[in-house]
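Notes for the structure review
For reference, the chains in residue letters:
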Amino acid sequence: MNSAEKPPRLSIVVPVLNEALTLAQHLTALQSLRAQGVEVLVVDGESGDDSIRVAKPLADRVLSSPPGRGVQMNVGAQHASASTLLFLHADTQLPEGAVEQITHAMKPHAIKTHAWGRFDIQLSGRSGWLPVVSWMMNKRSRLTGIATGDQGIFMSARTFKAVGGFPEQPLMEDIELSKRLKRVSPPACLTAKVISSGRRWDQYGAWKTIRLMWRLRYRYWRGVSATQLAKEYRNAR
């Protein structure tokens, strides 16, 4: 960035892996934000499809990284220019006014200051259980102060660096980051909803997926390693 240029209002980091079929649609939705001074960084984790080619005309930077969301998002954060970061999955759509809501949430308040936060979520897909799953995710997040990557986690770049970024582990990187961030401040739980793909629930079944995710989270809480849980997750799919 030229020293005479204004820094971007927000840096959005999008990790991708073999998302070429839907990536153009997702990144196209971010172009109006780029016109408003938002930086979009796509971090590809060694895709075997055309993800990089699709992303290049629709992002400010396209970076390459070893696979793994935690690793990829750390690479994106290292190259981000804004003082506020938003980590957005490739199948998640932001609500209208998202940048303004993040900016407001991150401003110092008289009663409570937030160093980080997340949106509520609405899962889209065929299953009639997805509204229930969405409600459960939002309720759980408010009760625990833990956010999932699907919810669009945002924070100041300074806070991200202070907590050491994402742990570079194969699963539960968002849970572990939330635990670190909670030591800094409670999250700003925005009621505006990101829309995220419910393809996992559609493909494997809603209740089967719910049971699997709750079991994995419980075992992680009990101290089972993320590496072991990643193996169980792959075997259960």
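See the structure shown above.
This report concerns the structure included in the present document. Worth saying up front: this structure is predicted, and the values here are computed from it rather than measured.

Concerning the overall build of the protein
- Broken down by element type, the protein carries 11 helices and eight strands.
- The C-alpha radius of gyration computed for the protein amounts to 17 Å, which stays within 12% of the reference 18 Å derived for 237 residues, consistent with globular compactness.
- Overall size of the protein, expressed as C-alpha extent along the three principal axes, is 55 × 45 × 35 Å.
- The burial tally for the protein puts 52% of its 237 residues in the buried class.
- Counting only contacts in the protein whose residues sit at least 6 apart along the sequence, the fraction spanning at least 24 positions is 72%.
- Total accessible area on the protein stands at roughly 12,000 Å², and carbon and sulfur atoms take up 53% of it.
- With 32 positive and 19 negative side-chain charges, the protein shows a separation of 8 Å between the mean positions of the two kinds.

Focus: the pairing of strand β1 (residues 10-16)
- With seven of seven residues buried, β1 is to be regarded as a mostly interior element.
- With burial as the criterion, each face of β1 is covered, one bearing L10, I12, V14 and V16 and the other bearing S11, V13 and P15.
- Pairing geometry for β1 and strand β2 (residues 38-44), over seven bridges, is parallel. Within β2, the residue paired with V16 across the bridge is D44.
- Pairing geometry for β1 and strand β4 (residues 84-87), over three bridges, is parallel.

Thoughts on empty space enclosed by the protein
- Inspection of the entire model under this criterion finds two cavities of 30 Å³ or more.
- By volume, the second largest cavity is sized at about 30 Å³.
- What lines the second largest cavity is simply M73, F87, H89, G149, I153, F166 and D174.
- For the lining of the second largest cavity, the per-class residue count stands at four nonpolar, two polar and one charged.

What to know about the pairing of β4
- Neither face of β4 is open: one carries T84 and L86, the other L85 and F87, and all of them are buried.
- Pairing of β4 with strand β7 (residues 153-156), which is carried by four bridges, proceeds in the antiparallel orientation. Considered in β7, the bridge of L86 is made with F154.

Quick word on the pattern of salt bridges
- Under the criterion given, the structure shown has eight salt bridges.
- A salt bridge links R142 to D120, with the shortest nitrogen-to-oxygen separation between them at 2.7 Å. With R142 in helix α6 (residues 130-144) and D120 in strand β6 (residues 116-124), this residue pair connects regions lying 22 residues apart in the sequence.
- K179 is paired through a salt bridge with E176; the nearest N and O atoms lie 3.5 Å apart. With a gap of three residues between them, K179 and E176 both fall in helix α8 (residues 173-182), about one helical turn apart.
- With a relative accessible area of 16%, E176 lands in the buried category.

A closer look at helix α1 (residues 20-28)
- Within the sequence span of α1, burial applies to A20, L23, H26 and L27. One face of α1 carries all of its buried residues, which in axial projection span an arc of 110°. Away from the buried face of α1 by more than 90 degrees, exposed residues L21 and Q25 are located.
- Against β1, α2 (31-34), β2, α3 (51-55) and β5 (92-93) lie the buried residues of α1.

Thoughts on the layout of surface pockets
- Put simply, the second largest pocket is a space of about 390 Å³.
- Lining the second largest pocket we find 22 residues, and of these H26, D91, T92, Q93 and I195 sit closest to its centre.
- Of all the secondary-structure elements, those providing two or more residues to the lining of the second largest pocket are α1, α2, β5 and β8 (188-197).
- A per-class count over the lining of the second largest pocket returns eight nonpolar, 10 polar and four charged.

Quick look at a nonpolar patch on the surface
- On the surface, W129, V132 and W207 cluster together to form a nonpolar patch covering roughly 290 Å² of accessible area.
- Of note, W129 is situated in the loop between β6 and α6.

Rules behind the numbers
- Residues numbered from 1 in each chain as written.
- Predicted model: local features only at pLDDT ≥ 70, side-chain atom pairs only at ≥ 80, totals over all residues.
- Heavy atoms only, no water.
- Helix = DSSP H or I, 4+ residues; strand = E, 2+ residues; numbered from the N terminus.
- Rg over C-alpha atoms; globule rule 2.2 N^0.38 Å.
- Buried < 20%, exposed > 50% of the residue type's maximum accessible area, 1.4 Å probe, protein only.
- Contact = heavy atoms within 4.5 Å.
- Areas by Shrake-Rupley, 256 points an atom, 1.4 Å probe, with all protein chains shown as cover.
- Lys, Arg positive; Asp, Glu negative; His and termini not counted.
- Charge placed at Lys NZ, Arg CZ, Asp CG, Glu CD.
- Pairing = 2+ DSSP bridges.
- 1 Å grid on protein atoms, 1.4 Å probe; cavity = no way out; pocket = protein on both sides within 12 Å on 5 of 7 lines; lining within 4 Å.
- Points joined across faces, edges and corners; volume = space filled by probe spheres on them.
- Nonpolar A, V, L, I, M, F, W, Y, C, P; charged D, E, K, R; others polar.
- Salt bridge = Lys/Arg side-chain N within 4 Å of Asp/Glu carboxyl O.
- Arc of directions from axis to C-beta.
- Patch = residues over 30% accessible without salt bridge, like charges linked within 9 Å, V, L, I, M, F, W, Y side chains within 5 Å.

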